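A closer look at the structure
If you want the building blocks of each chain, they are given just below.
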Amino acid sequence: MLDLDSVKGLKVLFVGDAIMDEYCYVKTIGKAVKENALSSIMGKREVFKGGVWAAAQHAFGFCDDVDII
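Residues numbered from 1 in each chain as written. Predicted model: local features only at pLDDT ≥ 70, side-chain atom pairs only at ≥ 80, totals over all residues. Heavy atoms only, no water.

1. Overview of the overall build of the protein chain
In terms of helices and strands, the protein chain carries one helix and four strands. The linear arrangement of helices and strands in the protein chain, starting from the amino end, is β-β-β-α-β. Rg of the C-alpha trace for the protein chain: 20 Å, well past the compact-globule value of 11 Å for 69 residues, more than 25% over. Each of the three principal axes of the protein chain carries a C-alpha extent, and together these read 60 × 30 × 20 Å. Of all intrachain contacts in the protein chain linking residues separated by at least 6 positions in sequence, the fraction that spans at least 24 positions is 58%. A total of about 5,800 Å² of accessible surface is found on the protein chain, and carbon and sulfur atoms cover 58% of it. Of the charged side chains in the protein chain, 8 are positive and 10 negative, and the gap between their average positions amounts to 14 Å. (Helix = DSSP H or I, 4+ residues; strand = E, 2+ residues; numbered from the N terminus. Rg over C-alpha atoms; globule rule 2.2 N^0.38 Å. Contact = heavy atoms within 4.5 Å. Areas by Shrake-Rupley, 256 points an atom, 1.4 Å probe, with all protein chains shown as cover. Lys, Arg positive; Asp, Glu negative; His and termini not counted. Charge placed at Lys NZ, Arg CZ, Asp CG, Glu CD.)

Here's what the structure looks like:
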């Protein structure tokens, strides 16, 4: 079994795509009578670092030396 304290001193390198995750929250207001489409109103929008950035951020929680390419 791996003890997370034993990996604290390791140097970790992440290689991958740096992407931005975008979440759009909407409020549904109804369905069109003749269409299979929902009408909605745009609500809150959030943008997060995703891809390799997200993975590296998780690893940084238990490793001191994390790099990204």
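After presenting the structure, the write-up continues.
2. A closer look at the packing of aromatic side chains
Applying the stated criterion across every chain yields a total of one aromatic pair. The aromatic ring of Tyr25 is capped on one face by Lys44, whose charged end is 5.4 Å from the ring centroid. Seen from the ring of Trp53, Lys49 lies directly overhead, with NZ or CZ sitting 5.1 Å from the centre. (Phe/Tyr/Trp six-rings, centres within 6.5 Å; stacked < 30°, edge-to-face > 60°. Lys NZ or Arg CZ within 6 Å of the ring centre and 35° of its normal.)

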